[in-house]
Amino acid sequence: MDDRTRLLDKYSARVYKNRKEHIISLEEDASNQSITANTRTIPGVMTARGCCYAGCKGVVVGPLKDVCIITHGPIGCGYYSWGTRRNKAKADEESGNKNFIPYCLSTDMQESDIVFGGEKKLEKAIEEAMDIFDPKCIMICSTCPIGLIGDDVQAVARRTEAKYGIKAIGYSCEGYKGVSQSSGHHIANNGLMKYIIGTGDKKPTAKYSVNILGEYNIGGDGWEQERILKRIGYDVVSVFTGDGSYETMKNAHLADLNLVMCHRSINYIAEMMQTKYGTDWLKVNFIGIGATCKSLRDMAKYFDDPELTKRTEEVIEDELAAIYDDLEYFKTKLKGKTAGIFVGGSRAHHYQMLLRDFGVETIVAGYEFAHRDDYEGREVIPTIKEDADNKNIETISVEADAALFKKKYSDEKLEELKKEMELDAYAGMIPDMKKGYVVVDDYNHFETEQIIKTMKPDIFFSGIKDKYAIQKDGVTSRQMHSYDYSGPYAGFKGAVQFGHDVTMSLYTNAWALVTPPWKKTPMLQGTLTGGEK
């Protein structure tokens, strides 16, 4: 019995029928293997997914530092999406020296507001935000009750713009829309594209300029990427959206190239900017030493400038020399270990590259909210059939901007470049995994326990919902949604920090040395009654 069969073996017939297409064991040639993804989770199963609101507010727009983001709904929703991902940000001149990340703004809807409507309360909250913070942009994110009672957040946003002369955007991102937080990413992307990107005119200062898309600066990852890119000589126009701002995002269309880190959360903007402004996008990965080197070299190859290529190699050589001793030390500690990874976006893919740098193989991996193209590559997109859950997410179309559209290369040149790099493309996670490894989409707590029992990974990388359940099973767990208060893990210096944290976790694994009391003593005791009269 293989690992996949053992994983599915204890399910009832109904659940087995649903889950069997979400779990695959990779064959020698995985190009013909398909996985089911982006479908509704079985009710009652303890999934690790988030909701549409979490994807919109908690992931994409939440890290914007100079925007007052108001959660229109109960306070619990606002608290859930506030500060949990450690999207670091610092006030700077470009953001008007403003940073609203430390604040949780909510309308705190109560029962009476649900009954009688909450638009007036929302407008009062906006008035308070203007008095206290004086932002240039306000975003309103709806939660489930708002969609049910019909508050029109878009109308409130239009009235806000007219009253205060600022940018205001309303997002109908109620938690129940779509099947996961992925739908919230899509809704957020649509709003940024419609109302912000392309409204600025501040041109880049360097010869070559980029945007970093799908980087949320968890633990300072974005800062480390910017440090390296600026050393080489690039101008980073804007970051979507870690330590990002409304002020810089307005100018994103003026950059020469879009770098896509998290494919799932931001590919919509990459595609629309390519159509509207002619901006090519390159799938990059700055998580991992080899992956970072490849991404930097692909960028240099795209711009095709000998001086830029020379500077790129000089920076790579210098960065590698600075981390060599630490890297070799952590390799001796980690080589031969195995891992399981279940994170969102492209991270379950990215971190396999970083782990391999240390000699660690990822034997089981998956995403919480991916689509098939995140696993199999974008070439499968034409074959994906949308179900009813996903059709209620608006898909906007854009046309080439007559004044701002600029194409760097001819179609023939682009085709040549695409043979050498993932330009306007993403090959997906599966091609980088080996035969016999297991891929699990939308994994749940039961499957997590089964993976630990049957596949026995030395370390598990996942989210906060399952971190402590994994540790109680005696397995080291690292929380990759907020890095367990560490980081950065991106780039060269980040790789060393990651190696340090993983080594520390594995070699001081207190959980493996503790026997839970419920394994020695019954936690519940009772007697059978009813046998005597």
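See the structure above.
For clarity, every value in this text was computed on a predicted model and none was experimentally measured.

Calculation criteria
Residue indices follow the written sequence of each chain, beginning from 1 at its first position. Note on the predicted model: pLDDT of at least 70 is required for a residue's local features to be given, and 80 or more for side-chain atom pairs to be given and counted; whole-chain, interface and lining totals, by contrast, use all residues. Side-chain numbers here rest on the full set of heavy atoms in the structure, without hydrogens or water. Here, a salt bridge means any side-chain nitrogen of Lys or Arg that lies within 4 Å of a carboxyl oxygen of Asp or Glu. The helix count covers DSSP runs of H or I at least four residues long, the strand count covers runs of E at least two residues long, and both are numbered beginning at the N terminus. A simple rule labels every residue: compare its accessible area, found with a 1.4 Å probe on the protein chains alone, to the largest value its type can have, and call it buried under 20%, exposed over 50%, or partly exposed in between. Any two strands are treated as partners once DSSP identifies two or more bridges connecting them. Every residue pair with non-hydrogen atoms within 4.5 Å of one another is taken to be in contact. As a rule, the C-alpha atoms of each element are fitted with a line to give its axis, helices using only the stretch in contact, and angles between N-to-C directions run from 0 to 180 degrees. Residues enter patches when they are more than 30% accessible in relative terms and free of salt bridges; like-charged ones are connected within 9 Å and nonpolar ones (Val, Leu, Ile, Met, Phe, Trp, Tyr) within 5 Å. The protein chains shown are the only cover counted for residues, whose accessible areas, like all others here, come from Shrake-Rupley with a 1.4 Å probe. In protein, a polar contact requires one atom able to donate a hydrogen and another able to accept it; more generally it is a pair of N or O atoms within 3.5 Å, and residues adjacent in sequence count only if both atoms are side-chain atoms.

Draft legend 1. View of the pattern of salt bridges. Scanning the model with the defined rule gives 42 salt bridges in all. With a shortest N-O distance of 3.6 Å, R478 and D501 are connected by a salt bridge. Residue R478 is found in strand 14 (residues 476–479), and its partner D501 is found in helix 21 (residues 491–507); the two are separated by 23 residues along the sequence. In this pair, the class of R478 matches that of D501, namely buried.

Draft legend 2. Representation of the sheet that holds strand 3 (residues 105–106) within the structure. Ordered by their spatial adjacency, 4 strands build an open sheet running 3-2-4-5, and the pairing between neighbours is parallel. Each end of this open sheet is capped by a strand with a single partner; those strands are strand 3 and strand 5 (167–171). By the bridge criterion, 2 bridges tie strand 2 (residues 68–72) to strand 3 in an arrangement that is parallel. Across the sheet, residue I70 finds its bridge partner in strand 3, namely L105. Strands in contact with helix 6 (residues 119–133) are strand 2, strand 3 and strand 4 (137–142); relative to strand 2, the strand with the most contacts, it is inclined by about 155 degrees. Along the sheet, helix 8 (residues 153–164) contacts strand 2, strand 4 and strand 5; its crossing angle with strand 5, the most-contacted strand, is approximately 175 degrees.

Draft legend 3. Examining unusual backbone geometry more closely. Here the amide bond leading from F240 into T241 is cis, since omega sits at 5 degrees, within 30 degrees of zero. Checked against the element boundaries, T241 lands in strand 7 (residues 235–241). Cis rather than trans, the peptide bond between G487 and P488 has omega equal to 0 degrees. Although it is not a glycine, D484 adopts a positive phi angle of roughly 50 degrees. Take D484: it is sitting in the loop between strand 14 and helix 21.

Draft legend 4. Layout of the pairing of strand 10 (residues 338–342). Within strand 10, 5 of the 5 residues are buried, leaving the element largely enclosed by the surrounding structure. The alternating pattern of strand 10 places T338, G340 and F342 on one face and A339 and I341 on the opposite face, and all of these are buried. Sheet analysis places strand 10 next to strand 11 (residues 361–366), joined by 5 bridges and oriented parallel. Paired with G340 across the bridge in strand 11 is V364. Relative to strand 13 (residues 459–462), strand 10 runs parallel, the two sharing 3 bridges. Within the sheet, the bridge partner assigned to I341 lies in strand 13 and is F461.

Draft legend 5. Here's a closer look at a nonpolar patch on the surface. Together, I464, Y468 and W511 make up an exposed nonpolar region whose accessible area comes to about 310 Å². Summarising the element assignment, I464 is placed in helix 20 (residues 464–472).

Draft legend 6. Spatial organisation of the sheet that holds strand 8 (residues 257–260). Strand order in this open sheet of 4 strands is 7-6-8-9, and the pairing throughout is parallel. On the outer flanks of this sheet lie strand 7 and strand 9 (280–283), each paired with one strand and no other. Averaged over all neighbouring strand pairs, the angle between strand axes comes to 25 degrees, with direction disregarded. As defined by bridge partners, strand 8 adjoins strand 9 across 4 bridges and the pair is classed as parallel.

Draft legend 7. Spatial organisation of the side chain of N444. Topologically, N444 is positioned in the loop between strand 12 (438–440) and helix 19 (445–454). With a relative accessible area of 3%, N444 lands in the buried category. Among the polar contacts listed, one links the side chain of N444 to the backbone nitrogen of E447, at a separation of 2.8 Å.

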